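Here's the letter readout for the chains.
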Amino acid sequence: MQRSEEERFYMTCRAAYLSVFRSSLVNMTSKDQLCSVLQQAGRNPSQKALDKYWPPGTKKLNFDDFCEILKKEKTAEPDQLMRIFKKFDTNCDGYISHDELSRILTSSGEKMSPKEVDEVFSLADVNKDGKLDYAETNYSMKYVIEQCQTAALEKLEADAKLKRQNFGNQLDNSPQSLESQPELPASEIQPRTEPETTQRKDSRSSSRPSSARSRRSPLSTAITMGSGSTKSGRLAEPKSLQDWHHTLMRGCFYLEEDGTIVSLQYRLIIPETTSIYLTIRPLNLSPIPDKPSPWMCVDTALYVVTGNETKEDSNLVCFTELRDKERFLWRGELSAGSYLLLPFTTGCRLMKRTRKTATKTAQLVNRTQSGELELTKEFKAALSDIFEVIDLDGSGLLSLEEYNFFEQRTSGEKCDEDAWAICKENFDTRKNELTRQGFLELNLMEANDREGDPRDLWLTLEAMGYNRSLEMVEACPFVIAVYCEDVKATLQAVHLDSGIKMLNSAVQRSITSKAEARSLKGHENVLVYTYKGESRISSVIANKSNQKVTVHINNEQSKNCVSSRGMSVFAVEVPPRTKMVCQHVMALNEQQEWTYSCVETIIPSL
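Everything quoted here is computed from the prediction, not taken from an experiment.

### Concerning the pattern of salt bridges
If you walk through the whole model with that rule in mind, you get 14 salt bridges. Across the pair Arg 250 and Glu 388 runs a salt bridge whose closest N-O atoms are separated by 2.9 Å. Here Arg 250 is found in strand 5 (residues 245-255), whereas its partner Glu 388 is found in helix 11 (residues 377-390), with 138 residues between them in sequence. When its relative accessible area of 16% is taken as the criterion, Arg 250 is described as buried. Three or more residues joined by partner-sharing salt bridges are found here, namely Glu 237, Asp 324 and Arg 327.

Next up, the structure:
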């Protein structure tokens, strides 16, 4: 069967990728690996191009990133190479001497050292006559590239195991790093006999041969959600809520370089059993009433667990499941005790995008006519918003504790009491806490310390989620509200070393406790839990066998949806005796109906 142009491209991508890596699920972890894979695909990227595709701070790229890069990195056409060679053939005799080549390679473009030039010339000077026949060299280069690509494709076609591997990427660090949960209790993994969703054989088209599909065991789930599929959370709001004791605390989700999402956690102490009304929502920082902050569409949730701050094990108590517009809430009764509040977002609407060069890099500092440095109006506005985010209690002042959370985020360091005392002496403070004006003065001092060099200021801004146009695109501020009917609770921000793993466990348990368990046909030990919430659909894969399984996920038939994985087709490797969150899916446009259609299939191992 003749392949389409797109299929041929992806076959080329996979062939090149699998010439370097054992699986297309493996991530590239260095610039050299990216260069090797591109060369296997017949490209010859310059160092400048590699720096563009692998900017500072990049830790890894996946197969899908490689495919996007390959689309941009064009092959050098033979005619183009010949024109370049002829341009430097000053004698027009079809040859380039060592001196001519040396002058070219050491004075223009990415300059080589004389030693590197000698090495290049020795490889290209086949006849060892001190001259380079560039027509022959051009042909040889073209031949080698074609042979590399042919060999890679032949290897791919010949290896049945490789042919069954998926085009996508495992995405080890999916949003919130939803890691696996080991040790499946028998009570949690029994499939229910009457699932609400439909099971059927996969009859949709596939890019894989029918013979490969027949050896797999698909499970299909289809759920249609109405437009604006949210119940009104106000139904759960107590009539006398304004009379309840309440406390507010702010925070922020930060998108890390590897795609994980992090935030502070919170300690809630309740002195005696009482009714609780708990909410979380994005924090709007826009001064324009009819133009809210762009992150107001980001979904939020709060998981309440009991457990020790230094240990990973915890018990899920409840989570904010109801929704009222951008607020997510829970109402119930909590006993006296200490609880951890773990903020969460699926990552469907806060995820890494392909980075585009800002149309214009904002200016952070100016010099006045007298030569003194001053912060620009745009930079002051960004710093003012940052102040709002790190002012956790909303008092309009920064305590040492609040300032240290900011320092840990931006520099990894802490400000001690002595340094804080110096800050209070030099910058505007009130009640021994830093004012907004004092925070601006502190950043101006940093600019002066660097003599106007903005590089350190940009590092701070990027850590807080800003791009070079001073737009907060990789962060989402939020606010938590806790209402207690009979007592006043204490809410305090904490930084947990085991916070992410505790959150992963809580998310996984919230899904398995409310969803139907359905086994893949022919694989009774592999179960899929699909949870339908008011605004999202989440799934967990449980592998209770003693062997690792790889599950192929296909969302291509879904409509008006976005997955937390950032892809419609991918694979998930689930270790033995383990559960792991597969994906979260939400509507792209909540004003329209959306359909979740997912086919889960075991990829057999040979």
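There is more to say after this.
### What about empty space enclosed by the protein?
Across all of its chains, the model carries 4 cavities of 30 Å³ or more by this definition. The volume enclosed by the largest cavity comes to roughly 120 Å³. Thr 320, Glu 321, Phe 328, Ser 535 and Arg 536 are, among the 13 residues lining the largest cavity, the residues nearest its centre. Across the lining of the largest cavity, the residue classes tally to 4 nonpolar, 4 polar and 5 charged.

### Focus on helix 16 (residues 499-512)
The end-to-end C-alpha separation of helix 16 is 20 Å, in line with the 20 Å expected for 14 residues at 1.5 Å each. Judged by how many residues are buried, helix 16 sits mostly within the fold: 11 of 14 residues are covered. Taken residue by residue, helix 16 has Gly 499, Met 502, Leu 503, Asn 504, Ser 505, Ala 506, Val 507, Gln 508, Ser 510, Ile 511 and Thr 512 as its buried positions.

### Let's talk about the nonpolar core
With 72 residues, the main nonpolar core has Leu 341 and Ile 480 as its most contacted residues. With 7 residues, the single largest contributor to this core is helix 11. Apart from residues lying up to four places away in sequence, Ile 480 is in contact with Thr 247, Leu 248, Met 249, Tyr 266, Leu 278, Thr 279, Ile 280, Leu 302, Leu 341, Pro 343 and Leu 491. Listed in part, the 24 residues of the second largest apolar core include Val 549, Phe 570, Val 572 and Trp 594.

### With respect to the pairing of strand 26 (residues 578-587)
Among the 10 residues in strand 26, 10 count as buried, and that is most of the element. Where strand 22 (residues 536-543) meets strand 26, 8 bridges bridge the pair, whose relative direction is antiparallel. Its bridge partner being in strand 26, Val 540 is matched across the sheet by Val 581. Pairing geometry for strand 24 (residues 561-563) and strand 26, over 3 bridges, is antiparallel. Paired with Val 562 across the two strands is Met 586, which belongs to strand 26.

### Describing the sheet that holds strand 7 (residues 265-270)
In spatial order, the strands read 10-9-13-7-19; together these 5 strands make up an open sheet with antiparallel pairing. Only two strands of the sheet have a single neighbouring strand rather than two, namely strand 10 (315-319) and strand 19 (490-494). Averaged over neighbouring strand pairs, the angle between their axes works out to 30° when direction is ignored. Looking at chain direction, strand 9 (residues 301-306) and strand 10 are connected through 4 bridges and run antiparallel.

### Observations concerning the UniProt feature "domain: EF-hand" (unreviewed entry) in the protein
This chain's UniProt record puts "domain: EF-hand" (unreviewed entry) on residues 76-111, 112-147 and 378-413. Secondary structure across residues 378-413 divides into 67% helix and 0% strand, with the first and last C-alpha atoms of the span separated by 27 Å.

### Let's talk about the packing of helix 14 (residues 436-449) against helix 15 (residues 455-463)
Contact geometry for helix 14 and helix 15: axes closest at 8 Å, N-to-C directions at 140°. By the angle between their axes, helix 14 is oblique relative to helix 15. Here Asn 443, Glu 446 and Ala 447 of helix 14 lie close against helix 15, whose contacting residues are Asp 456, Leu 457 and Thr 460. Here the contact of helix 14 with helix 15 is built from residues that sort into 2 nonpolar, 2 polar and 2 charged.

### A look at the environment of Ser 545
Along the polypeptide, Ser 545 turns up in the loop between strand 22 and strand 23 (549-554). The class of Ser 545 is buried, set by a relative accessible area of 14%. With 21 residues separating them in the primary sequence, Ser 545 and Glu 524 have C-alpha atoms 9.0 Å apart. In contact with Ser 545, not counting residues within four places along its chain, are Asn 525, Pro 576 and Arg 577. At 2.6 Å, the side chain of Ser 545 and the side chain of Asn 543 are in polar contact.

### Examining the packing of aromatic side chains
Two numbers describe a pair of aromatic rings. These are the distance of the centres and the angle of the planes. Here the structure, examined in full by the defined rule, presents 14 aromatic pairs. Residues Tyr 17 and Phe 66 carry aromatic rings whose centres are separated by 5.6 Å and whose planes lie at 45° to one another, so their mutual orientation is tilted. Here Tyr 17, found in helix 1 (residues 5-20), pairs with Phe 66, found in helix 4 (residues 63-72); they are 49 residues apart in sequence, far enough to count as distant. There is no split in this pair, since Tyr 17 and Phe 66 are both buried. The interplanar angle of 50° and the centroid separation of 5.8 Å between the aromatic rings of Tyr 403 and Phe 406 together place this pair among those described as tilted. In this pair, Tyr 403 and Phe 406 both sit in helix 12 (residues 400-410), 3 residues apart, roughly one turn of the helix. Each member of the pair, Tyr 403 as well as Phe 406, carries the same accessibility label: buried. Three or more aromatic residues link up through ring pairs in this structure, and these residues are Phe 387, Tyr 403, Phe 406, Trp 420 and Phe 439.

### Some details on unusual backbone geometry
The backbone of Asn 560 sits at a positive phi, close to 55°, despite the residue not being glycine. Tracing the chain through its elements places Asn 560 in the loop between strand 23 and strand 24.

### Some remarks on the state of the cysteines
According to the stated counting rule, one finds 0 disulfides in the structure shown. Cys 476 provides the cysteine sulfur closest to Cys 252, a residue in no disulfide bond, and the two sulfurs are 6.7 Å apart. No disulfide involves Cys 297; its nearest neighbouring cysteine sulfur is the one of Cys 476, lying 8.2 Å away. The class for Cys 297 is partly exposed, based on a relative accessible area of 44%.

### Some words on the sheet that holds strand 27 (residues 594-603)
The antiparallel open sheet is built from 4 strands, whose spatial order is 4-27-23-25. Every interior strand has two partners, whereas the edge strands, strand 4 (218-225) and strand 25 (569-574), have only one. Going from strand to strand, the sheet's axes swing by 20° on average, the running direction of each strand aside. In this structure, strand 4 lies alongside strand 27, joined through 8 bridges in antiparallel fashion. Within strand 27, the position partnered with Ile 223 by the bridge is Tyr 596.

What counts and how
- Residues numbered from 1 in each chain as written.
- Predicted model: local features only at pLDDT ≥ 70, side-chain atom pairs only at ≥ 80, totals over all residues.
- Heavy atoms only, no water.
- Salt bridge = Lys/Arg side-chain N within 4 Å of Asp/Glu carboxyl O.
- Helix = DSSP H or I, 4+ residues; strand = E, 2+ residues; numbered from the N terminus.
- Buried < 20%, exposed > 50% of the residue type's maximum accessible area, 1.4 Å probe, protein only.
- 1 Å grid on protein atoms, 1.4 Å probe; cavity = no way out; pocket = protein on both sides within 12 Å on 5 of 7 lines; lining within 4 Å.
- Points joined across faces, edges and corners; volume = space filled by probe spheres on them.
- Nonpolar A, V, L, I, M, F, W, Y, C, P; charged D, E, K, R; others polar.
- Expected span 1.5 Å × (residues − 1).
- Core = buried A, V, L, I, M, F, W, Y, C linked by side-chain atoms within 4.5 Å.
- Contact = heavy atoms within 4.5 Å.
- Pairing = 2+ DSSP bridges.
- Axes fitted to C-alpha atoms, helices over the stretch in contact; angles between N-to-C directions.
- UniProt positions renumbered as here; feature names shortened; annotations may be inferred.
- Parallel < 35°, antiparallel > 145°, perpendicular 65-115°, else oblique.
- Polar contact = N/O pair within 3.5 Å; in protein donor to acceptor, adjacent residues only side chain to side chain.
- Phe/Tyr/Trp six-rings, centres within 6.5 Å; stacked < 30°, edge-to-face > 60°.
- Disulfide = S-S within 2.5 Å.

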